[in-house]
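Read off the chains here:
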Protein chains: 2
Amino acid sequence: MTDLSQDAVVEAASRIRSYVHRTPVFTCHTLNDVVGSELFFKCENFQKVGAFKARGALNAVLSIEDDTSAVVTHSSGNHGAALAWAASLRGMDCYVVVPKDASKFKRASMRRYGARLIDCGSKLESRETKLDEFLEQNHARFIPPYDDPHIIAGQGTATLELMDRIANLEQIWVPVGGGGLASGAILAARGQAEVVGAEPELADDAFESMKTGRRESPREPVTIADGLRSSLGDQTFEILYQARTTIALASESEIAKATRMVWEHMKIVVEPSSAVPLAAIIRHPHLVKKRIGIVLSGGNVSFPNTF
Amino acid sequence: MTDLSQDAVVEAASRIRSYVHRTPVFTCHTLNDVVGSELFFKCENFQKVGAFKARGALNAVLSIEDDTSAVVTHSSGNHGAALAWAASLRGMDCYVVVPKDASKFKRASMRRYGARLIDCGSKLESRETKLDEFLEQNHARFIPPYDDPHIIAGQGTATLELMDRIANLEQIWVPVGGGGLASGAILAARGQAEVVGAEPELADDAFESMKTGRRESPREPVTIADGLRSSLGDQTFEILYQARTTIALASESEIAKATRMVWEHMKIVVEPSSAVPLAAIIRHPHLVKKRIGIVLSGGNVSFPNTF
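Rules of the game
Per chain, residues are indexed from 1 in the order of the written sequence. A letter from A marks each chain and a number from 1 marks each ligand, given out in the order of writing. Local features are withheld for residues below a pLDDT of 70 in this predicted model, meaning they are given only at 70 or higher, and side-chain atom pairs are given and counted only at 80 or more; totals for whole chains, interfaces and linings count all residues. Think of the side-chain values as coming from all heavy atoms in the structure, minus any hydrogens and water. Throughout, exposure labels follow a simple rule: accessible area from a 1.4 Å probe, protein chains only, divided by the maximum for the residue type, with under 20% read as buried, over 50% as exposed, and the rest as partly exposed. Strands here are runs of E lasting at least two residues and helices are runs of H or I lasting at least four, both read from the DSSP assignment and numbered beginning at the N terminus. Strands are treated as partners if at least two bridges between them are detected by DSSP. To superpose the copies, least squares is applied to the C-alpha atoms of every residue with a pLDDT of at least 70 in both. Working rule for contacts: check all heavy atoms of both residues, and any pair within 4.5 Å makes them a contact. Accessible area that two parts lose when put together, with a 1.4 Å probe and added across both, is what the buried area reports. Here a salt bridge means any side-chain nitrogen of Lys or Arg lying within 4 Å of a carboxyl oxygen belonging to Asp or Glu. Polar contact is defined as a pair of N or O atoms within 3.5 Å, subject to the rule that within protein one atom must be able to donate a hydrogen and the other to accept it, and that residues adjacent in sequence are counted only when both atoms are side-chain atoms. Residues were grouped as follows: Ala, Val, Leu, Ile, Met, Phe, Trp, Tyr, Cys and Pro as nonpolar; Asp, Glu, Lys and Arg as charged; and all remaining residues, including Gly, as polar. Joining through side-chain atoms within 4.5 Å is the link that ties buried Ala, Val, Leu, Ile, Met, Phe, Trp, Tyr and Cys residues into a set, and such a set is a nonpolar core. Expected helix span is computed as 1.5 Å times (number of residues minus one). Patches were defined on residues exceeding 30% relative accessible area and lacking a salt bridge, with like-charge contacts within 9 Å and nonpolar side-chain contacts (Val, Leu, Ile, Met, Phe, Trp, Tyr) within 5 Å. Accessibility throughout is a Shrake-Rupley quantity obtained with a 1.4 Å probe, and a residue counts as covered only by protein chains that appear here. Think of it this way: Lys and Arg go in the positive column, Asp and Glu in the negative one, and His and the chain ends go nowhere. A charge is said to be at NZ when it belongs to Lys, at CZ for Arg, at CG for Asp and at CD for Glu. This arc corresponds to the set of directions leading from the helix axis out to the C-beta atoms. Here the aromatic set is Phe, Tyr and Trp, taking the six-membered ring for Trp, and pairing holds for ring centres within 6.5 Å; pairs whose planes are under 30 degrees apart are stacked, those over 60 apart are edge-to-face, and all others are tilted. A ring has a charge above it when a Lys NZ or an Arg CZ is no more than 6 Å from the ring centre and no more than 35 degrees off the ring normal.

1. Considering the pairing of strand β4 (residues 93–99) of chain B
Residues and elements named next belong to chain B.
At step 1: In terms of burial, β4 is a largely internal element, 6 of the 7 residues being buried.
At step 2: One ladder, built from 5 bridges, connects strand β3 (residues 70–74) with β4; its direction is parallel. By the bridge assignment for β4, alanine 70 is matched with aspartate 93.
At step 3: As paired strands, β4 and strand β5 (residues 116–120) are joined by 5 bridges and run parallel to one another.

Written out as structure tokens, the structure is:
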């Protein structure tokens, strides 16, 4: 079992504090009425690089103690941008192995933050082969997107801030992809609030894994919640399973509808991954307590050129 | 000449304070870099009913001193919703004369706030006829959308708050439709900052009016900035002309692009009308000072059902 605890999250918070935004917490009467609970939205769409991923990546980069001058990761989006941003703060180079079919918008964003992109195929094996090749030929530190203690602790700081800002939350709802955000939330909440994960039906490996008690292989995920196509890692599975984390699912149309609800009623831009908890909350009212926090994970979405 | 002054704006601020949001001021490094100035965005998209119009409508309604029990206006959107909201706070009925071709989204919003809609044709004359008919047959107070001292003073409170929050602004950029927001800004700023108006090329009556020195008739406006299709009134023209207000134009594609820039970089939802100042700022760099406030007028926009 991993020996991570809330202390690691508190340490991460102090490490990254002066570089990341303490993002605001928004409320929305209309959505409260829809759900029948008080909702408190932690707006990580306003975070550096537009996503909570800045927290974990920076915590990992600031935790490097040797003379590493380059970092590498695989990502189809926000983690790659976050790592590039974090690396640039320490003057390090950053390489990102990116599937060829990753969104152009997120590729451009990674490049804007200084990442050098290494193309790979869309399958897991292709990504791993490319990464291994790179690490054999280059002196660089691999910073995983989620299955890493520093990443998990860093992501937990979002929940730490939310619970610090809003007292007596009964639940924290977070989207689940690789499980870094959810694992960090579990550590940060330390049982004071229940952490509930929300996952697209089309990428339901965490849901299945919690049922069977072992890490289930992902299907080839095709959800519009493109930040949630990853599957749990060894460490994130363990943390979620130890906490017997409830995972609630939402369909593609429910996710799309919830995304538009956030845009239209809260007047903020979130990516579909961010709206999966709201979609799952609306679908599963019996799981929902009265005073709940929701982490809006990111806001990196591109809009078409026409109205 | 109108005898409105900054005092009227200060009075309005104190009258409406406990009902409206003191909206936040956002900044964005990326947009600062694009423009080459420091930009401070007053986020009236987060205001009650999703637009600054709540300020003026409420100031007008709270200023009614007799036993009026119903108010009426004409509006294709935000003013109607704002008036319905304000009327409901005093238990008054609210009627809105609405062009048949007004956006369904904004019609639904007006209804949600309790407005009763009266359909009219899309031309000015049809609207005025319907309104006159209604006033002949009903005991109701007409609250104009912009050409009214209480409305103007109320809208000015957005600029008052912005200048109170951010010191030493050189300019305040606002979108111009009927001119209520711009007139209020001029009163609020009282020469301490220059107020610059931004208008769609396809609805450029204020631009033309400032050139000729008289109120020019509008074309039939077709701009995507649907909040700016109105033309100046007698009082708003006078205030803008007395101040020799600069009006900067933007094309439809510039407005669409600026709208997407706000969505994608600031992660907030604004309606196209709100993005007209940014579009005009990007187009007319020679008009732009170094430290400027921009009023994001509203966020009421509907998104298509598919991604």
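2. Structural notes on the sheet that holds strand β3 (residues 70–74) of chain A
At step 1: The strand order across the open sheet formed by 4 strands is β5-β4-β3-β6 (chain A), and the pairing between neighbours is parallel. Sheet topology places β5 (116–120) and β6 (141–142) of chain A at the edges, where each strand pairs with a single neighbour.

3. A short note on the relation of the copies chain A and chain B
At step 1: Rotating chain A by 180 degrees and moving it 0.0 Å along the rotation axis overlays it on chain B with an RMSD of 0.0 Å. Expressed as a symmetry operation, the mapping of one chain copy onto the other fits a two-fold axis. Using C-alpha coordinates, one finds that chain A approaches the rotation axis most closely at isoleucine 268 of chain A, a distance of 2.0 Å.
At step 2: Here 100% of the interface residues in chain A have copies in chain B that are interface residues too; the copies meet face to matching face.

4. Quick notes on the interface of chain A and chain B
At step 1: Each side of the interface is counted separately: chain A has 24 residues, and chain B has 24 residues.
At step 2: Between chain A and chain B, roughly 2,100 Å² of surface is buried when both sides are summed, and carbon and sulfur atoms account for 67% of that area.
At step 3: Applying the counting criterion to the chain A and chain B interface returns 0 salt bridges.
At step 4: For the pair chain A and chain B, the interface holds 8 residue pairs in polar contact (both at pLDDT 80 or more).
At step 5: Top contributing element to the side of chain A that touches chain B by residue count: helix α11 (residues 252–266) of chain A, with 6 residues.
At step 6: Broken down by class, the residue content of the side of chain A that touches chain B amounts to 14 nonpolar, 7 polar and 3 charged.

5. A closer look at the nonpolar core
At step 1: Core analysis: the largest hydrophobic core is formed by 71 residues, its most contacted members being Trp173, Met266 and Ile268 of chain A together with Trp173, Met266 and Ile268 of chain B.
At step 2: With near-sequence residues (within four places) excluded, tryptophan 173 of chain B lies in contact with Val196, Ala198, Ala248, Pro277, Ala280, Ile281, Leu287, Val288, Ile292, Gly293, Ile294 and Val295 of chain B.

6. With respect to α11 of chain A
Residues and elements named next belong to chain A.
At step 1: Its 15 residues give α11 an end-to-end C-alpha distance of 21 Å, which sits within 8% of 21 Å, the value for a rise of 1.5 Å per residue.
At step 2: Along α11, the residues that are buried comprise Ile255, Ala256, Ala258, Thr259, Arg260, Met261, Val262, Trp263, Glu264 and Met266.
At step 3: Two residues or fewer after α11 comes lysine 267, characterised by a positive phi angle close to 65 degrees.

7. Some points on the sheet that holds strand β1 (residues 25–26) of chain B
All names here are of chain B.
At step 1: Here 6 strands make up an open sheet; going across it, the order is β1-β2-β10-β7-β8-β9 and the pairing mixed. Both edges of this open sheet fall to β1 and β9 (247–250), since each of them pairs with a single strand only.
At step 2: Sheet analysis places strand β8 (residues 194–200) next to β9, joined by 4 bridges and oriented parallel. The residue bridging proline 200 from the neighbouring strand is alanine 250, located in β9.

8. Brief notes about a negative patch on the surface
At step 1: A cluster of like negative charges, contributed by Glu125, Glu128, Asp132, Glu133, Glu136 and Glu220 of chain A, occupies part of the molecular surface.
At step 2: Relative to the elements of secondary structure, glutamate 125 of chain A occurs in helix α6 (residues 124–137).

9. Some remarks on helix α10 (residues 234–242) of chain A
Residue and element names in this part refer to chain A.
At step 1: Among the residues of α10, those classed as buried are Thr236, Phe237, Ile239 and Leu240. The arc that holds the buried residues of α10, viewed along the axis, is 165 degrees, so those residues lie on one side.
At step 2: Where α10 is buried, its residues contact α7 (149–165), α8 (180–189), α9 (205–212) and β9 (247–250).
At step 3: Positive backbone phi, at 45 degrees, marks arginine 244, one or two positions downstream of α10.

10. Considerations on the side chain of serine 37 of chain A
Residues and elements named next belong to chain A.
At step 1: Assignment of secondary structure puts serine 37 in the loop between α2 (29–35) and β2 (38–43).
At step 2: You can call serine 37 buried: its relative accessible area is 7%.
At step 3: Among the polar contacts made by the side chain of serine 37, one reaches the main-chain carbonyl oxygen of lysine 289 at a distance of 2.7 Å.
At step 4: Apart from residues lying up to four places away in sequence, serine 37 is in contact with Asn32, Val288, Lys289 and Lys290.

11. Observations regarding the packing of aromatic side chains
At step 1: If you walk through the whole model with that rule in mind, you get 13 aromatic pairs over all chains.
At step 2: The interplanar angle of 90 degrees and the centroid separation of 5.2 Å between the aromatic rings of phenylalanine 46 of chain A and phenylalanine 26 of chain B together place this pair among those described as edge-to-face. Taken together, the positions of phenylalanine 46 of chain A in the loop between β2 and α3 (53–62) and phenylalanine 26 of chain B in strand β1 put the pair across two chains. Accessibility classification places phenylalanine 46 of chain A together with phenylalanine 26 of chain B in one group, the buried group.
At step 3: Between tyrosine 95 of chain A and phenylalanine 134 of chain A, the aromatic rings sit 4.8 Å apart at their centres with planes inclined by 45 degrees, giving tilted as the arrangement. Note that tyrosine 95 of chain A is positioned in strand β4 (residues 93–99) and phenylalanine 134 of chain A in helix α6, a separation of 39 residues in sequence.
At step 4: Residue classification places tyrosine 95 of chain A among the buried residues on the basis of a relative accessible area of 18%.
At step 5: By the ring-pair criterion, three or more aromatic residues cluster together here, those being Phe26 and Phe46 of chain A together with Phe26 and Phe46 of chain B.
At step 6: Above the plane of the ring of tyrosine 241 of chain A lies arginine 244 of chain A, whose end atom (NZ or CZ) is 4.2 Å from the centre.

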